[in-house]
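# What the coordinates show
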Amino acid sequence: MIRIRKYFFLLKRFIQLFNKNFLFNTFINFLFLSSIIFCFTTIVLTTSINEGFKKDIQEKIINLDGYARIYSNHSLPLKNSEFTIIKKILSDEYKNIEYTQLINSEIILKTSNGSEGVFINLFDNNGMNVFNLNDFIIEGDFKKDALTIGSSIAKKLSININDDIYLFNHKNNNVRFVKVSAIFETNIADYDKHTIYADIDSFKDFLGYSFDAFDCVVINSKQDNFEVNNIVKNNDFITVTWEDRFSNFLLWLFSYDIPIKVLLLFIFIVSLLNISSSIYLDLLYNNKNNTLLYIFGLRKQEFIYMYLFKNVYIYLIGSFLSYILIRIFIYIQLSYDLISIPKSIYMLSSVPINFDVNYFIYLFSILLACIIFITLLFSILTITLNNPSKLIKK
């Protein structure tokens, strides 16, 4: 306790000595503090936005397409009897899980304004929950005897609610005249322009499927960190997860990680150089003041501790201010959508943020270790090259 009081006393005298060069010392401390704040806010916010973007896009894909699909391992449609087996396995293995039968096929949608090739997804009564369609329908309601189409195709072909359109199945030359009852919007081009939904019982015969046949079982869950392995242990079925289905998209999504990390590394290095220069200038410019402290009875080891205490103290203030600024920005962004982005390009309407305090703690630890090392290195070099006892003799 006595030693700590001594450090505070010496630091107080140290500050008093600095009053003669207040502006320069203020500039040095400001450079140190601003470098810390810049480093923290830039790296943590950029990482949080990048992770938030990936997380939100992945969640949207899973919500729209399901977490996994179970197919027959014999390249044949599944039957209702097999669906009963799969349902039992799912109910035994997993909780809070949704599943639906699905038929997916390519057809042609035609109106008086043109035609478009689309994928039609037919699902059973539970399909609305599995695909979370209610979250994306912007006009109308889903009806069993009608279609739900994407906003882009509706805009392109000038389709409105209750309009009659033609469906053409080129595989068996079937044609059906049907109404549009709902329009959905996901801001994902492939879905909004090339996907439509309908009831499996109402349109199964149009696609040429028998009454008890379907392509696969789609499963989804609202559970956090939901994971599924090969659900069925025998060789009759195969499980395909969303990561398998969207592997190319995920490669594109994660392709920005390396450039972003290189940029953040560059920012960290620049900030560290600024911090190092401010510490060095602080020691160099106050060399004569350090000599006076030596006259007051400050030992070399205590001299090092004093500078270390000062720099760590400024660092703690800077990191605390950074955390406050980051929290304020996140609150404003999430509450008021401070920064908006084009939906058609980024699939989201505002900048997403996934703040993990571990990012902050990890950066805090690394930067603290660097500052301690730099302070010790420069302090020891200053004492070695500019020995206070020699300066007194001069």
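These figures come from a predicted structure and were not determined experimentally. (Residues numbered from 1 in each chain as written. Predicted model: local features only at pLDDT ≥ 70, side-chain atom pairs only at ≥ 80, totals over all residues. Heavy atoms only, no water.)

The subject of this paragraph is the overall build of the protein. Helix and strand counts for the protein come out as 15 helices and twelve strands. Counting over 394 residues, the protein shows a buried share of 45%. Put simply, 80% of the contacts in the protein that link residues at least 6 apart link residues at least 24 apart. Looking at the protein as shown, the accessible area adds up to about 21,400 Å², and 59% of this sits on carbon and sulfur atoms. (Helix = DSSP H or I, 4+ residues; strand = E, 2+ residues; numbered from the N terminus. Buried < 20%, exposed > 50% of the residue type's maximum accessible area, 1.4 Å probe, protein only. Contact = heavy atoms within 4.5 Å. Areas by Shrake-Rupley, 256 points an atom, 1.4 Å probe, with all protein chains shown as cover.)

Here we take up a nonpolar patch on the surface. Together, Phe309, Tyr313, Ile317, Phe320, Leu321, Ile324 and Ile328 make up a nonpolar patch on the protein surface, roughly 640 Å² of accessible area in all. Inspection of the secondary structure assignment puts Tyr313 in helix α12 (residues 300–336). (Patch = residues over 30% accessible without salt bridge, like charges linked within 9 Å, V, L, I, M, F, W, Y side chains within 5 Å. Salt bridge = Lys/Arg side-chain N within 4 Å of Asp/Glu carboxyl O.)

Now for the nonpolar core. Generally speaking, nonpolar side chains in soluble globular proteins are found buried as a group. Counting residues in hydrophobic clusters, the biggest one holds 64 residues, and the most contacted among them are Leu109, Leu147, Ile149, Leu167 and Ile196. Setting aside anything within four residues of it in sequence, one finds Leu147 in contact with Ile120, Ile165, Leu167, Val178, Lys179, Val180, Ser181, Ala182, Ile196, Tyr197, Ala198 and Phe203. Leu283, Ile326, Leu367 and Ile371 belong to the second-largest nonpolar core, a separate cluster that totals 32 residues. (Core = buried A, V, L, I, M, F, W, Y, C linked by side-chain atoms within 4.5 Å.)

The next thing to look at is helix α3 (residues 80–93). With 14 residues, α3 extends 20 Å from end C-alpha to end C-alpha; this agrees with the ideal 20 Å at 1.5 Å per step. For α3, the complete set of buried residues consists of Phe83, Ile86 and Leu90. All buried residues of α3 lie within an arc of 65° about the axis, which places them on one face of the element. Turned more than 90 degrees away from the buried face of α3 sit Ser81, Lys88 and Asp92, all of them exposed. (Expected span 1.5 Å × (residues − 1). Arc of directions from axis to C-beta.)

In this section: the packing of aromatic side chains. Considering all chains together, one arrives at 17 aromatic pairs under this definition. Taken together, Phe40, Tyr315, Tyr323, Phe355, Phe360 and Phe364 form an aromatic cluster joined through their ring pairs. (Phe/Tyr/Trp six-rings, centres within 6.5 Å; stacked < 30°, edge-to-face > 60°.)

Pairing of side chains with opposite charge becomes possible as their charged atoms draw close. Enumeration over the complete set of coordinates arrives at ten salt bridges. Residue Glu59 is joined to Lys55 by a salt bridge in which the shortest nitrogen-to-oxygen separation is 2.9 Å. Within this pair, Glu59 and its partner Lys55 are both found in helix α2 (residues 22–65), separated by four residues, close to a single helical turn. One salt bridge connects Arg176 with Asp205, and the closest N-O pair in it is separated by 3.3 Å. With a gap of 29 residues between them, Arg176 in strand β8 (residues 174–184) and Asp205 in the loop between α7 (200–203) and β10 (213–214) connect regions that are remote in the sequence.

In this section: the pairing of strand β1 (residues 68–72). Among the five residues that make up β1, four are buried, leaving the element largely enclosed by the rest of the structure. Across four bridges, β1 lies against strand β11 (residues 216–221) in antiparallel orientation. For Tyr71, the partnering residue across the bridge sits in β11 and is Cys216. Both β1 and strand β12 (residues 237–241) contribute to a ladder of five bridges, which runs antiparallel. Paired with Arg69 across the strands is Val240, a residue of β12. (Pairing = 2+ DSSP bridges.)

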